[in-house]
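Architecture and fold: a report
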Amino acid sequence: MRPNYALATSSLMLLIPAWAAWKSGDTIRVWYHSGVTVISVTYHLTKHPVVFWIDFVAANSLVPSALTLAHRDYIVFTYVTCVAYCFGMFYYGHLKKDL
């Protein structure tokens, strides 16, 4: 499989929950969400099968983390953006068979 630069760039949207965590002073979640972003970008640039499974677990664990952050700090923008991104990427991958 070839690298997908569009998906690698779109993975930078995962930094929005990291920004929200930074604004609320939660440094553990800043590092966690930033790490998930790095893993996702790495997968879309390498398409390595092992990195796929790491990205799969990390990206799926990001959703509850972002939801917890959004509910705890009432950051609706983070919640809506994260959920919209996840749904968007799921349907993009389902239609294009590209993820």
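Residues numbered from 1 in each chain as written. Predicted model: local features only at pLDDT ≥ 70, side-chain atom pairs only at ≥ 80, totals over all residues. Heavy atoms only, no water.

Comments concerning the environment of Val-30
- Structurally, Val-30 is set in helix 3 (residues 27-46).
- Under the relative-accessibility criterion, Val-30 is labelled buried at 18%.
- Considering only alpha carbons, one finds Val-30 and Leu-15, 15 residues apart in sequence, at a separation of 8.6 Å.
- Beyond its immediate sequence surroundings of up to four residues, Val-30 is in contact with Ala-18, Ala-21 and Trp-22. (Helix = DSSP H or I, 4+ residues; strand = E, 2+ residues; numbered from the N terminus. Buried < 20%, exposed > 50% of the residue type's maximum accessible area, 1.4 Å probe, protein only. Contact = heavy atoms within 4.5 Å.)

Structural notes on unusual backbone geometry
- Residue Lys-47 is not a glycine yet carries a positive backbone phi of 55°.
- Topologically, Lys-47 is positioned in the loop between helix 3 and helix 4 (49-73).

A few points about the nonpolar core
- If you look at the biggest cluster of nonpolar residues, it comprises five residues: Leu-14, Val-36, Ala-58, Leu-62 and Tyr-85.
- When near neighbours in sequence (up to four residues on either side) are disregarded, Leu-14 contacts His-33, Val-36, Thr-37, Ser-40, Leu-62 and Tyr-85. (Core = buried A, V, L, I, M, F, W, Y, C linked by side-chain atoms within 4.5 Å.)

Overview of the environment of Val-57
- Examined against the element boundaries, Val-57 turns out to sit in helix 4.
- A sequence separation of 21 residues divides Val-57 from Val-36, and the C-alpha atoms of the two residues are 9.5 Å apart.

Some points on the pattern of salt bridges
- All chains considered together, the criterion is met by one salt bridge.
- Between Asp-26 and Arg-29 there is a salt bridge whose closest N-O contact spans 3.1 Å. The burial state of Asp-26 is the same as that of Arg-29; both residues are buried. (Salt bridge = Lys/Arg side-chain N within 4 Å of Asp/Glu carboxyl O.)

Notes on a nonpolar patch on the surface
- On the surface, Trp-19, Trp-22 and Phe-77 cluster together into a nonpolar patch covering about 410 Å² of accessible area.
- Here Phe-77 shows up in helix 5 (residues 76-96). (Patch = residues over 30% accessible without salt bridge, like charges linked within 9 Å, V, L, I, M, F, W, Y side chains within 5 Å. Areas by Shrake-Rupley, 256 points an atom, 1.4 Å probe, with all protein chains shown as cover.)

A short note on helix 2 (residues 15-24)
- Looking only at helix 2, the buried set comprises Ile-16, Pro-17, Ala-18, Ala-20 and Ala-21.
- One or two steps after helix 2, the chain reaches Gly-25, where phi turns positive at roughly 85°.

Description of the side chain of Asn-4
- By secondary structure assignment, the location of Asn-4 is in the segment before helix 1 (5-10).
- There is a polar contact of 3.1 Å between the side chain of Asn-4 and the backbone nitrogen of Ala-6. (Polar contact = N/O pair within 3.5 Å; in protein donor to acceptor, adjacent residues only side chain to side chain.)

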